[in-house]
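Structural overview
One-letter residues, chain by chain:
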Amino acid sequence: MTDYDIAIIGGGGAGLTAAIYAARARRRAVVFENAVTGGQIATTGLVENFPGFPAGVDGFELAQSFLQQAEKFGAELRYEDITSLSVGPDGRFRLQATESGVHTARAVIVAAGAHYNRLGVPGESELVGRGVSYCATCDGAFFQDQEVAGVGGGDSAIDEGLFLTRFASKVHVIHRRAELRASAMLQERAFANPKMAFTWNTVVERIEGKGQVEGVSLRNLETGATRTLPVGGVFIFVGQLPNNALLRGLVDLDDGGRALVDLTMRTSVPGLFVAGDLRTGAARQLVSACGDGATAALAAEHYLEEEPATHG
Ligand code: NAP
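Residues numbered from 1 in each chain as written. Predicted model: local features only at pLDDT ≥ 70, side-chain atom pairs only at ≥ 80, totals over all residues. Heavy atoms only, no water.

**Structural notes on the domain arrangement of the protein chain**
How big an interface is tends to be stated in terms of the accessible area lost upon association of its parts. Using the following cut-off: For every domain, the bounds stem from an assignment made automatically or drawn from a database. Contacts are assigned to residue pairs that have any heavy atoms within 4.5 Å of one another. Buried area counts how much accessible surface, traced with a 1.4 Å probe, disappears from two parts once they are put together, with both parts' losses summed.
The domain boundaries assigned to the protein chain delineate domain 1 (3–115 + 240–311) and domain 2 (118–236). Taken over C-alpha atoms, the centre of domain 1 sits 32 Å from the centre of domain 2. With five residues of domain 1 at the interface, the matching set in domain 2 holds seven residues. A combined buried area of about 430 Å² lies between domain 1 and domain 2, and 38% of that area is made up of carbon and sulfur atoms.

**Looking at the environment of I20**
Heads up, the rule is: Secondary structure elements follow DSSP: runs of H or I of four or more residues count as helices, runs of E of two or more count as strands, with numbering from the N terminus. Only protein chains enter the accessibility calculation, which uses a 1.4 Å probe; a residue is then buried when its area is under 20% of its type maximum, exposed when over 50%, and partly exposed in between.
With respect to the helices, strands and loops of the structure, I20 is situated in helix α1 (residues 13–24). Of the residues examined, I20 reaches a relative accessible area of 11% and is grouped as buried. Sequence separation between I20 and I9 is 11 residues; the distance between their C-alpha atoms is 14 Å. In contact with I20, other than residues within four places in its own chain, are F66, Q69, A70 and F73.

**As for the site of the ligand**
We count it as follows: If even one non-hydrogen atom of a residue comes within 4 Å of a molecule or strand, that residue is called near it. Here a polar contact is taken to be a pair of N or O atoms separated by no more than 3.5 Å, where protein atoms must pair a possible hydrogen donor with a possible acceptor and residues adjacent in sequence count only if both atoms sit in side chains. Each accessible area value is a Shrake-Rupley result obtained with a 1.4 Å probe; residue values ignore everything except the protein chains displayed when judging cover. All amino acids are sorted into three groups, where Ala, Val, Leu, Ile, Met, Phe, Trp, Tyr, Cys and Pro are nonpolar, Asp, Glu, Lys and Arg are charged, and the leftover types, Gly among them, are polar.
Close to the ligand lie 20 residues, the nearest being D155, S156, R176, R177 and R181. The separation between an oxygen atom of the ligand and a polar side-chain atom of R177 is 2.7 Å. In this structure, R181 approaches the ligand through a side-chain N or O atom, which is 2.6 Å from an oxygen atom. Calculation on the ligand without its partners gives an accessible area of 920 Å², and the protein chains cover 77% of this total. Here the shell around the ligand takes three residues from helix α4 (residues 155–164), the largest share from any one element. Looking at the shell around the ligand residue by residue, the class counts come to five nonpolar, nine polar and six charged. Split by domain, the residues of the shell around the ligand number at least three in each of domain 1 (3–115 + 240–311) and domain 2 (118–236).

**Description of the packing of aromatic side chains**
As a reminder of what qualifies: Aromatic pairing here means that ring centres of Phe, Tyr or Trp (its six-membered ring) are within 6.5 Å. Orientation follows from the plane angle: under 30 degrees is stacked, over 60 is edge-to-face, and everything else is tilted. Counting as a charge over the ring demands two things of the Lys NZ or Arg CZ atom: a distance within 6 Å of the ring centre and an angle within 35 degrees of the ring normal.
Counting across every chain of the model gives nine aromatic pairs. Both rings, one in F163 and one in F167, keep their centres 5.6 Å apart while their planes meet at 65°; by these two values the pair is edge-to-face. Residue classification places F163 among the buried positions, given a relative accessible area of 14%. By way of ring pairs, the aromatic residues F50, F53 and F66 are connected into one cluster. Lying over the aromatic face of F73, R24 brings its terminal NZ or CZ to 5.2 Å of the ring centre.

**A few points about the pairing of strand β6 (residues 82–87)**
Short version of the rule: When DSSP finds two or more bridges between a pair of strands, those strands are recorded as paired.
The sheet contact formed by β6 and strand β7 (residues 93–97) spans five bridges and is antiparallel. Residue pairing across strands places L85 opposite L95, the latter belonging to β7. Linking β6 back to β7 in an antiparallel pair, the connection comprises five residues, with G91 at a positive phi of about 85°.

**A few points about the packing of α1 against helix α6 (residues 286–306)**
Using the following cut-off: Axis definition: a line fit to C-alpha positions, over the contact stretch in the case of helices; interaxial angles, taken between N-to-C directions, run 0 to 180 degrees. When the near helix sits turned anticlockwise from the far one by under a right angle, the crossing is termed left-handed; a clockwise turn instead gives a right-handed crossing.
The contact between α1 and α6 brings their axes to 7 Å, and the two run at 35°. As α1 packs across α6, the resulting crossing turns out to be right-handed. Only L286, A289, C290, G293, A294, A297 and L298 of α6 make contact with α1, whose side of the interface consists of G13, A14, T17, A18, Y21 and A22. Looking at the contact of α1 with α6 residue by residue, the class counts come to 10 nonpolar, three polar and no charged.

**Considerations on the sheet that holds strand β16 (residues 226–230)**
Spatial strand order, β14-β15-β16: three strands in an open sheet with antiparallel pairing. Two strands lie at the open edges of the sheet, namely β14 (202–208) and β16, each paired on one side alone. Shown here is a sheet whose adjacent strand axes are inclined to one another by a mean of 30°, direction ignored. Summarising the sheet, β14 and strand β15 (residues 215–220) pair through six bridges and their orientation is antiparallel. Paired with T202 across the strands is N220, a residue of β15.

**A closer look at the state of the cysteines**
Worth spelling out the cut-off: The criterion for a disulfide is a pair of cysteine sulfur atoms lying within 2.5 Å.
As enumerated under the stated definition, the model contains one disulfide in all. Covalent S-S linkage joins C135 and C138, the inter-sulfur distance amounting to 2.0 Å. An S-S torsion of about 75° defines the bridge between C135 and C138 as right-handed. Free cysteine C290: the closest other cysteine sulfur is in C135, separated by 19 Å.

**Some thoughts on helix α5 (residues 184–192)**
Three- or four-residue spacings in an α-helix give side chains the same orientation, since the helix completes a turn every 3.6 residues. Threshold: Of all possible arcs, the one meant is that of the directions from the helix axis to the C-beta atoms.
Looking only at α5, the buried set comprises L186, Q187 and A190. Projection of α5 onto a plane perpendicular to its axis shows the buried side chains occupying an angular sector of 100°, all on one side. Turned more than 90 degrees off the buried face of α5, the exposed positions are A184, M185, E188 and A192. Residues of α5 that are buried in the fold lie against α4 and β13 (196–199).

**Structural notes on the pattern of salt bridges**
The cut-off we apply is this: Throughout this description, the term salt bridge denotes a Lys or Arg side-chain nitrogen within 4 Å of a carboxyl oxygen of Asp or Glu.
Throughout the structure, instances matching the rule amount to 10 salt bridges. R78 serves as the salt-bridge partner of E76, at 3.1 Å between the closest nitrogen and oxygen. Salt-bridge contacts for R279 lead to D292; the nearest nitrogen and oxygen are separated by 2.8 Å. Separated by 13 residues along the polypeptide, R279 in the loop between β19 (272–274) and α6 and D292 in helix α6 bring together distant segments of the chain. Residue R279 is classed as buried on the basis of its relative accessible area of 16%.

This is the structure:
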C-alpha cells in the first residue's frame, strides 16, 4: 500500500496534465491507467486542433510526450484498474487497484473519460473483433481494399471514416439523418474524398455474418425500404458514455451520467475532483480536457494546503 498526496484515475489528456501539475507542485502523485496512456487521442490518427502543432500531430505520439513530461517531474504511472473508490473515516481516499491492492490518497482526481456507445443491434456483440470495431486506428489496416461501413454522423464517425479511406476501397457512412453533425472542415474533407459514400436517413438494423462481418441490414427511415449492404467491417461511432462506475453513489451526476463539478472541478465530496470528458458540460476536446486537468490539480493543491489538520 502506498499513501499518495494526489491519486489520478485515468491517463488521458486530463489525467496526464493533472499529473504534470501535481508533480511539479512536488506532490506525491500517481496516475492509474487501465489501458493505453493518452485515452481517446492514443487511438486518434492526426490531432489537428491542439494548439502549437500547425501541421497536426500524431495522437499516440502526443500522448507519449504527455506521459514523458509527467514522469520527468516525478509522477508515477501504474498500469492497472481501480475497481473501487471510497472515503475512509480519516478523510483519506481508499483506492482498490487490481494488481497492487489498496492505496490511499489525500486528494483524488478522476479523469476516466468516456467510451464509445454500442449500437445495440443483433450481430454487434457477437461480431466484435470479427469485423465490428469502435476504433479505426486500431483495426483499419485489417480492411485493405475492402468496403466498410461507418455508423454515425459526428466528428468521430467522419474523422475515423476518413482515416479508414487509407485502407478501405470504400467507406459507407450510414447516418440516421440527412445532415452530418461533424465540424464543417471534416465535412468538406469527407465530401471531397471519392472513397467516402453517404447513406442518409438510414439505420443499421442488424449486422450480418457467420463468424465474420459480411454485411449490414439497413432501413431507410423515410421510405421504410430495407436492403443489405455487403461490407467486410462495421465501425460504430454513435456517441460516447462516461466511465462513471467509480463515481456512482459517491458524487452527484447529471442526467447523462457525468459528474457535477464547480468551475474548479470540485465535486460534492471534499478532496475529490473530476476532470475531462467525465465531468458535466465538458467540451469533449483534448485541449479542454488538458485544461480541466490543470484546473483540477491546482484545486487539489489548494485543498491539500488548506486541509492539513484533517489528514494528519
Ligand atoms: P457525437 O458528436 O455525439 O455524435 C454521435 C453521432 O452518432 C451523431 O451523428 C448521432 O446522430 C449518431 N447516433 C447517436 N446514437 C445513434 C444511434 N442509436 N443510431 C444511429 N446513430 C446514432 O459523438 P462523437 O462523434 O463520438 O463525438 C464526441 C465528442 O468528441 C464531440 O464533442 C466531438 O466534437 C469530439 N470529437 C472531436 C474530434 C475532432 O475534433 N477531430 C474527433 C472525435 C471526437 P445525430 O446527429 O442524429 O444525433
